[in-house]
Structure formats: C-alpha cells, structure tokens
Amino acid sequence: MGNADNPFAALLADSKASINKELIEDIFLFTLRPQTRERSKERALLCLADVIVNDSSPETGMGEELLSHAVFERIMLGNTREYLIPGSNEEDAVQMDTIVYLHRAYIACEEFKQQRSNLAADCDAIRTLIITNVSTCMRQPDLFPGRTVCEQWRDIINTSEDYCTRETMDFLVECIAKIYIDEEPLEALGALKANFYPLLGKVQTEISQANLVTLKKKVFWLLNFFVKEKRTPQMGEILIDFTTPNPNVNGAAYMDTLIGQLFSISILPKNQNGPYEFFGDFTLDSRHTDPALWECMANHQNSLFMLIKQLLMQDANNKQKMLEWLAKCLHANVSRGHLWNNLNTGLDNLLKQNASDAFMIGLTSALLRLCTPLCEPVLKVLLVDPTYCGVIEEERQKKSVSMLKAYEETCLLPVEENEKRLTADKFNFVTELFFLTHKAYELSYKASIERFIHMTRELHNMQSAYQDVINTDPNNDFAKNLLRMLKEQMQPYLCLCNCLMEPENDTAILKFFEASAIWLTEISLISAEDYAGCANRSDFAPHTRNNIELPEEIEFTPRTLCSVPESIIDNIVTYLNFSRDFPSGQYIQMYPSSHEAFFKMIILFMGSSKLVKNPHLRAKLAEALEFFLPKRATGAPFQTHIFDSHPERLKVVPSLLNVFVSIEMTGQSVQFEQKFKYRRPMYAIMEFLWTKEEYVQCFRNLAVEAESNMEAIEPPIFLRFINLLINDAIFLLDESLENLQQIRQLQEAQANGEWDNLPESERQQHHSNLHQLGNYARFDNILGRDTINLLKLLTTEIKSIFCHNSMVDRITSMLNYFLLNLVGPQKEKFKVKDKKEFEFDPANTVLEICHIYINLSSSDNFCLAVSQDGRSYSSQLFSYTENILIRIGGGQLIGEMAEFAEKVQKMENQYKQEQECLAEAPEEYLDPIMSTVMTDPVILPSSKVTVDRSTIARHLLSDQTDPFNRAPLTMDKVIPNETLKNEIQIWLAEKRAACSNENLIKS
C-alpha cells in the first residue's frame, strides 16, 4: 500500500507546526485534556486522554502529527459515548458516521476562519486534514465504523440548509479533488461510483413508488447535488452513467432508469396500459380538466428540466453524454412514430418494445423548455443549420451529430441521382437541440394525439349508442353495460386529454413551433447569392431574420431542403389541427404573433412543389390553414384577423388552388378517398374566403388569366381547378346516389321481415353492409354538398370560363344528370329512412343546382349545352323541377327557372334546325370522341388522329396523354389541320346557305 492509500499517512508527516488546542476542540469536539467539572458545564466533548498519549502542555498548541493521529483515532472509535463529557450538542460529539462527523467539522472550521482571521493558517491545516480523512474513508469505506457512505452523504444533503449549501458543495469539491490526487482518474471515478451508485439506486426506488402527487420535492434537491456544481463534473457523469441502460436495448428499457422514472411521472400512467391513478371517480357531468393536476405536472417537469439543463451545462463531457442518452433513447423508440403502433398499444405493451406516452411526453417537455432561447424574442433558432440530417453515419461523430440515423429521415426534397447532400463542417448545440426536440415531439405528442383522436371517435360512437338505448329503455341491461364501458374508457381518455392539454407545455410547444415556422421560411427564401455565401463558409444557418416577402413564383430552390425532414412541417400541422379541434386551442389565442409566422409558412410551402415534393404534406398544410377560420361551434369564438391583416394574405388563393390541383396531377397522385379527405378543409377555407371581396377578386383575376391562356402548354391553374371541381362533384354525387339506392333496398328488405329467417351470421353481415354503406353515403354527401356549394359560389361571380367550349358540356351534363335523379320519376329510388343520418339533403342540393343554372343562364353557349345533353335533358326536366321547388320552399326561384327553361327550349329549337341542315356530314368532319362536326380540327402528333381542339383541350385538363395511345401530350404539341378546317368551314357555309334558302321557300 502506498502513502496515498495508507490511513496512517498523516502520522508520517514531518511538521513542527502547532495548532491551537481550543480551536481543535471547538471543531472536532474532542479533547486530550483530562475531564474537569468545569468542562462539563460547556459544550459536549469526547475525552481522548486515555486513548492518545499527549506529552505537550495542555495550554500549548497541538502538533499536526499528533492532531492527525488524534483525528484518526476519533473516527475509528466504536463506542463514542464511553468518552463523552456531557454538554450541549452531544449528538454531534458522539457522531459515529465518519463523513457526517467530518462534514460538521469542515463547516465549523470554515466559520471559525471567517470569524477569527488570526487562526486562518490553523483552519487551513485542519481543513486539509479533514479532506484527507474523508478521501480515505470514501476510497476504503470498510475500514470505518458507522453507516454506509451513501447513507451518510444523503443525510448531509438532506440536513444542510436548503439541502445543498455552498459550504457543503465546497466540501464535496475538495473531497473529489483529493480522491483524484490520491488515485488515477479511472480508479477515482470507480471509487465515487461505488459510494454514490447505492444512493442513486435508493432514490430510483423511491421515484418508482411515487406518483405525480406523492413524489417528494427533496428528491430533486438530492439529485441537484450531483449536477449543480461545475467544479465537480464527475458527479454529473456518475448520474448519467448510472441512468444509462445497456447498449442495444429496446425503448422500454429507458423507462427503467432513474431519469426515465422521472420522465414517466405524469397524469398518465407510467406504463402504457395503466394502472390509471386519476379521474377514477369520473361522472358524465364532471369537469373534464383538472388545473390542480396541471400545476403538479408543470412543477414536476420544471424541476426535471432544471436537472437536465444543469447536467448539460456542467461540462462538455457531460453535455455530450446527455445528448447521446437522449439520441439513443429516441432511436430506441422510433417505432412509436409508426401508425400501426399508435392503434395497437396493447400489443406494443405486451412486447415491451417502446416507452410509454407518459415517458415520451415528459422527455419532450424537458427538451421544449431547453428550446426557450430558440424562440421569440431571442430567436436563436436562426443559428440552426438545416443540413444536420444530411450527415452520413461515417461522419456523424466528426461533425458532432448525436441523433442516430438522421440521414434516413424523409426530407422536403428528394436527392437527385449522384447528388451528395451539402453539410456543414460541424454542428452547434442549438442545431442538435432543435432536431432532437422535433424528433421527440414526433414520437410523443404526435403519436399520442393520433391515439387520442382514435379514442375520441370510439367514445363518441359509444356515447351515441348509449343515448339511443336510454331514449328507448333507460333500465335496459345493455344500457347499464354501455354506461359501465363508457366510464371505463373515460378514465384513460381524460388522463391523456389532460396530459396533452397542460397549459405550460402547450405554450412551450406553440413558441417552439412558431420559431420553427420562422426558420423554415428563412431557409427557403434565401437568395442564390446568400446561398453561395453559406456554401463558402460551410454554415447554412440563416443567422438573421430577413422577413422576405413571398414571391409570386419560386425562382431559386436551396438544396439544403434535401436535408430538412418532412416531420418538422408535419409536427406543426398536427399541433395546429389538434389545437383547432380540441380545447387546447384556447392557449394559442394568447400569442397572436405566432399566427403570422404559421400563416406565412403555410402559404409558402402549401403551393410550391419546388419546396415540398410530397403532395400529401402540402395537402396537410391546407388542412392546417383551416385552423385560422372562425369556429362554428358554440362558445367563445376563435379570434384572429390573419385573413384581414397579414401582408401576404392574398397569396393564399393561388397557393390553395395549387395544392388542390397537385394532389391529382400525374406523378403526384394520392389515394382517391384520401384526396377527398384533403379537399374537405379546402372547401371550408374557400367558402370563408368568398365572404371577403378582396379574395373574390383574386378568384376573378385567376379566371381572367385562365381564359386568356386556355391552350397554354401548361393549363392555367384556375382552369385545372374548376375541371377537378366538376370531376369531384360528378364522382361524389354519383357514388352517393348509388349507395343510397342500395341502402333503400336493404332497409326495405329489413322492414319486410326478409332478414328474420336468415342465419345469425347472415343477419350480422347485412347489418354490417348497411352500416358500411351508410358511412360511405355520409362521406360522399358531405363532400358532394360542399363541392356543389363551392360551384354555386364561383358561378355567382365567374361565368364565362364555365361556358367555354372545353368546359360547358361537362358542367351541363353533370347538372342535368343530378337534377333529373333528384326531381325526376326515379327520385323515389333514393328515398331512405332518416336522411339526416346519412347527411342526405336532396332539397338543398336541388336549390344549389338551380342557383348554378340561374348564375350561368345569361350564356347562350351554356343554355345550348344544357339542351344538347342527350343523357339527362328533356323538355320535362324543368317541369319536374318546378314541382319540387314548390314543395321544398324554393318558390322564389320558380320564375327565374321558368325563364331559363324557356331560353333553353329556344336554343334547342334553333340548334335542331341547324343540325338538320348539317345532317349527313362526312365521317372525316366528325370528332372521333364526341361525334360532332369539328370547328377547329387538330392532329395529335403521336397517334396522328384528328380531333376537335376543344375536345382534346378538355381531355388534357385531367390527363396529359394522347387518348388513343397514352403517349404524353400537351396542347402546344397538337398540329392544326388547316386544310381540313377550311374544308369544314366551306362545307358548313354551303350547308347553312342551302338551309336558309329552303326556309325562305317554305315561308
């Protein structure tokens, strides 16, 4: 054993210094002087005169050698009360716990040094002796009596004023420094772990047995002992190492660590499926939120945030270890972001693959609070480098990227073939924090919100079923079972609801996403010159906020967007939609400044495929735009003036039409049902915009532009928009009528008793079919109604483009077909029970269609097209309509519809006369698709087929291919057939002249 390990090393010191004996007695509470009666009236002391031979005079000082020997003998005593001289503070004098005893002596020494400056040298010598003995005790604890070292340190922390005084921290700092002097670094750290790991283990056990209400505050005071002092980063390292699970574990293992246990304390249960501890006494009339629980949760998460913050600030090594812990934890739980996992929590819990909602939300709350400097007003988010997720695995450590497999994130723009993504030379802490926080939100709040929405739907269905049952028989056993199930489901629902809507977290999310929206806008609107400057300095962060105005067209696309994950925008969209549909939206109203940042970001990315390739994501942005609409629900209205005041507000119309069209364009298609889901909020937004004149003028301007460019290489956006709108109306209304017809048949069969004799399985199948058809019909009717309403609004101000040759036949055939089905002889086929259940309102649809007829009635071309629809139009169509209008309260439309019907009849008669003259037209004069005489024949370059220009123009609006061989085709490629056109014009002129002469002769 070397001197450093020898507990008797102090005896080997060759020192002639003499230390004041009274000072020694006051600090160490022992004396080498014989016991006297007078001494017993003062403070308690241990008399060690019989233990240690003292040759010096009682009145002189004590040498350092003798003091070292005396202190060592004192701390080695087994039964201190045998040597007690009674007096005050006896417990301190007889203390057998070595470190507790020496800690009190250290504090006393520091107090005497401040009070008696003439004894400063003696105090310094005594302090050195104390620290030497503490170091020995911590390195060789088995030599000393008393409790374990970890128990002694816990007492020191808990009994110090404010749990952790400056003197106590100085004591710890000097002890650790001495251990590192006496041992090699690894051995020293090992010795510290041996002492403090048992303490941390006991703390973890306490946390695991506590909940949000019962967790004691002193747990955080004790843990702060490890992290608050920058002079002892070893203590923070001990805490991180203790709370780090073994490599290659699954996500659930992180919950079983000390910090994981703290993250898991929440309104939600620590484990995914319970047990639930709050809202157990819920009644249907009780309040759905609990501010007291919110306060507990906020206080707990604030304490946890401070703990993590101090760890990160303690030193560079601990910061890196903490970032690695967070990154590995998120990577281990990455499957929480998969949709299937969000709806199969039971299976997931069984397999113990992922951490719980409580854990993930707790972790995210700490990261969100760390992101406060990134937000307004400091806006350090402008220092975030957008190329972080472009770093490949081989360069990750070199470039300070903690997040695992960040390069596998799906980004806003795809990487082109053989393109290497640009990356900065190194990434700062702000960048790491930004991307880790977005990943954490994706795996926590976003996944939990999806689960919450699913639970909301299930509860709504259960509540509806319960109301239906109690309305007929309140005492029914089925009703009682439903109520029991409802209450059982409400507890987890309310726990999740309250956790997601906690105000302090909600505000932190809002501010972080506001900063993210500002950052996204800045990195996307960078000029080519500034972008080149970024590449030269290998730093692509925006650094400053330029507030650039949104351009009419994106001219420069920074390739840094190839490294920006889609999940950043998706997170913001998820939050805005959740805030709109659920009560958490009340907090976002407190920060109207955030509305401007969100609004600008949405307009920028929603309408540009140059910035966001994924049409799904741009459609979700349109859905998020609905957040800013006034709420129709009862209660306090949502107040925002963003559509009236934002300087970029008028760009919302072209941006909205762009995304409406892009989700159906070739190469960017989405599933049919999903397409209509995306368009539903777009209808609501456009309906709202139509209430404001400046937006109506935007639609008018786009319509005028479209009419001027009907045959452009790329069809104008407004032309494509109304073409798709008509497509939607045709599909939705047609599907609705077909489903309603089948529903009627099933309802009649059930009412007639045809199901009564069927086997139970077949009856259930029929019920299932009826329910499924009802859902389909409801979906189609809601969207069909919105589509027709939008067409009605558009045609009040915009008319000529709907009456253009390339559009008029489609809209008239659609209107005629649906009007005939709703007012004609076949209308009874769609008469179902409880039309409201299926959102079927035929009377309103008839009124809307009539309004569209009247809106476009001034156009002769439209009236003629109505009359030429051979499938649905007849002279009786508007007679049927008049009868229905009288029955449904549409009397004010009867006069206008009668005038319109008369005009249509007149146009039909004129057209018949003309067609009689044009009978027997040569085959080559007829359009091969429409079988009508061509007026402007063109040759398709690939198939060489000649068609009328209006026919192919209409086709290319939806499908940019040759209809005869599917080869790619645009309007600029068609070849005018001037020779045939001249022939047809000459023939038409001759035929019309001949007809005119015949009519003159007849008259």
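Keep in mind that this is a model prediction, so the values were computed, not measured. (Residues numbered from 1 in each chain as written. Predicted model: local features only at pLDDT ≥ 70, side-chain atom pairs only at ≥ 80, totals over all residues. Heavy atoms only, no water.)

J.: Before we move on, can you summarise the overall build of the protein with the specific residues and values?
T.: Helix and strand counts for the protein stand at 37 helices and eight strands. Expressed as a percentage of the 1003 residues in the protein, the buried residues total 52%. Accessible surface, the protein: about 44900 Å² in total, of which carbon and sulfur atoms supply 49%. (Helix = DSSP H or I, 4+ residues; strand = E, 2+ residues; numbered from the N terminus. Buried < 20%, exposed > 50% of the residue type's maximum accessible area, 1.4 Å probe, protein only. Areas by Shrake-Rupley, 256 points an atom, 1.4 Å probe, with all protein chains shown as cover.)

J.: Tell me what's going on with the environment of Cys175, and back it up with residues and numbers.
T.: Structurally, Cys175 is set in helix 7 (residues 166-182). By relative accessible area, which is 1% here, Cys175 ends up buried. When neighbours within four sequence positions are excluded, Cys175 is seen to be in contact with Ile131 and Val134. (Contact = heavy atoms within 4.5 Å.)

J.: I'd love a proper account of the confidence of the model for the protein, names of residues and values included.
T.: Averaged over every residue, the pLDDT of the protein is 86; residues scoring 70 or more account for 90%. Summarising per-element confidence for the protein, the mean pLDDT is lowest in helix 15 (residues 345-351) (51) and highest in helix 16 (residues 357-370) (97). Counting contacts from residues 633-637, a segment whose pLDDT is below 50, to residues more than four positions away or on other chains yields one contact. (pLDDT = per-residue confidence, 0-100.)

J.: Any details on the sheet that holds strand 7 (residues 946-948)? Residues and values, ideally.
T.: Pairing within the open sheet is antiparallel, and its three strands lie in the order 7-6-8. Single-partner strands in this sheet number two, and they are strand 7 and strand 8 (975-976). Looking at chain direction, strand 6 (residues 937-939) and strand 7 are connected through three bridges and run antiparallel. Across the sheet, the residue bridging to Pro937 is Asp948, located in strand 7. (Pairing = 2+ DSSP bridges.)

J.: Residues and numbers for the side chain of Asn195, please.
T.: Relative to the assigned elements, Asn195 resides in helix 8 (residues 185-208). For Asn195, a relative accessible area of 5% puts it in the buried group. A polar atom in the side chain of Asn195 sits 2.7 Å from the backbone oxygen of Ala191. Sequence-distant contacts of Asn195, defined by excluding residues within four places in its chain, comprise Met138, Val149 and Cys150. (Polar contact = N/O pair within 3.5 Å; in protein donor to acceptor, adjacent residues only side chain to side chain.)

J.: Lay out the sheet that holds strand 2 (residues 30-31) with the relevant residues and their values.
T.: Strand order in the open sheet formed by three strands is 2-3-5, with mixed pairing between adjacent strands. Strand pairing shows two members of the sheet lacking a second neighbour, strand 2 and strand 5 (84-85), which therefore form its edges.

J.: If you had to explain the packing of aromatic side chains to someone new, which residues and values would you point to?
T.: Under the criterion given, the structure shown has 44 aromatic pairs. Between Tyr441 and Tyr445 the ring centres are 5.4 Å apart and the planes differ by 10°, which places this aromatic pair in the stacked class. In this pair, Tyr441 and Tyr445 are both assigned in helix 17 (residues 429-472), four residues apart and thus about one turn of the helix distant. Residue classification places Tyr441 among the buried positions, given a relative accessible area of 1%. An angle of 85° between the planes, with centres 5.3 Å apart, marks the rings of Phe599 and Phe643 as edge-to-face. Separated by 44 residues along the polypeptide, Phe599 in helix 23 (residues 592-606) and Phe643 in helix 25 (residues 642-645) bring together distant segments of the chain. (Phe/Tyr/Trp six-rings, centres within 6.5 Å; stacked < 30°, edge-to-face > 60°.)

J.: Just give me the short version of helix 16, but keep the residues and values in it.
T.: Owing to its 3.6 residues per turn, the α-helix aligns residues three or four sequence positions apart on the same side. Look at helix 16: 20 Å from first C-alpha to last across 14 residues, which is about the 20 Å you get at 1.5 Å a residue. Taking burial as the measure, the 14 residues of helix 16 include 14 buried ones, the bulk of the element. (Expected span 1.5 Å × (residues − 1).)

J.: Could you give an account of the nonpolar core, naming the residues involved and the relevant values?
T.: Counting residues in hydrophobic clusters, the biggest one holds 303 residues, and the most contacted among them are Phe28 and Phe718. It is helix 29 (residues 717-751) that provides the largest number of residues to this core, a total of 16 residues. Each of domain 1 (9-191) and domain 2 (245-270 + 286-336 + 345-440 + 491-541 + 558-564) contributes no fewer than three residues to this core. Other than its neighbours up to four places away in sequence, Phe28 contacts Leu67, Val71, Tyr101, Leu102, Arg104, Ala105, Ile126, Leu129 and Ile130. (Core = buried A, V, L, I, M, F, W, Y, C linked by side-chain atoms within 4.5 Å. Domains from an automatic or database assignment.)

J.: I'd like a description of unusual backbone geometry, backed by residues and values.
T.: The omega angle of the peptide bond from Glu376 to Pro377 is 0°, so this bond is cis rather than trans. Mapped onto the fold, Pro377 is located in the loop between helix 16 and helix 17. Even without glycine at this site, Asn89 takes up a positive phi of about 55°. The backbone of Lys405 sits at a positive phi, close to 55°, despite the residue not being glycine.

J.: Outline a nonpolar patch on the surface, listing residues and values.
T.: A surface patch of nonpolar side chains, about 250 Å² in accessible area, is lined by Ile929, Met930 and Phe964. Here Ile929 lies in the loop between helix 35 (891-917) and strand 6. For Ile929, a relative accessible area of 41% translates into the label partly exposed. (Patch = residues over 30% accessible without salt bridge, like charges linked within 9 Å, V, L, I, M, F, W, Y side chains within 5 Å. Salt bridge = Lys/Arg side-chain N within 4 Å of Asp/Glu carboxyl O.)

J.: Break down the packing of helix 30 (residues 760-797) against helix 32 (residues 842-856) for me, citing the residues and quoting the values.
T.: One can describe the packing of helix 30 onto helix 32 by two numbers: an axis separation of 9 Å at closest approach and a directional angle of 25°. Taken as axis vectors, helix 30 and helix 32 run roughly parallel relative to one another. Crossing angle aside, the handedness with which helix 30 passes helix 32 is left-handed. Taken together, the residues of helix 32 that come into contact with helix 30 (itself represented by Arg785, Ile788, Asn789, Leu791, Lys792, Thr795 and Thr796) are Asn844, Glu848, His851, Ile852, Asn855 and Leu856. (Axes fitted to C-alpha atoms, helices over the stretch in contact; angles between N-to-C directions. Parallel < 35°, antiparallel > 145°, perpendicular 65-115°, else oblique. Left-handed = near helix turned anticlockwise from the far one by under 90°.)

J.: Before we move on, can you summarise the side chain of His300 with the specific residues and values?
T.: Mapped onto the elements of the fold, His300 is located in helix 12 (residues 291-314). On the basis of relative accessible area, His300 is assigned to the buried category, the value being 8%. Not counting residues up to four positions away in its chain, the partners in contact with His300 are Leu212, Leu215, Phe220, Leu262 and Ile265.

J.: Mind laying out the packing of helix 13 (residues 316-332) against helix 16, listing which residues take part and the relevant values?
T.: Here helix 13 crosses helix 16 at 145°, and the two axes come no closer than 12 Å. Of the two elements, helix 13 crosses helix 16, and the hand of that crossing is left-handed. On helix 16, the residues that touch Trp325, Leu326, Cys329 and Leu330 of helix 13 are Phe359, Met360, Leu363 and Leu367. For the contact of helix 13 with helix 16, the class distribution of residues is eight nonpolar, no polar and no charged. (Nonpolar A, V, L, I, M, F, W, Y, C, P; charged D, E, K, R; others polar.)

J.: Account for the pattern of salt bridges, with residues named and values stated.
T.: Under the counting rule described, the total for this entry stands at 54 salt bridges. When the shortest N-O distance is used, the salt bridge between Glu110 and Arg127 registers 3.2 Å. One end of the pair, Glu110, is in helix 4 (residues 98-115); the other, Arg127, is in helix 5 (residues 120-139), with 17 residues separating them in the sequence. Notably, a salt bridge pairs Arg680 with Glu626, separated by 3.2 Å at the nearest N-O pair. With Arg680 in helix 27 (residues 672-689) and Glu626 in the loop between helix 24 (615-625) and helix 25, the pair connects residues that are 54 residues apart, well separated along the chain. Salt bridges sharing partners connect three or more residues here, namely Glu110, Lys113, Asp124, Arg127 and Glu174.

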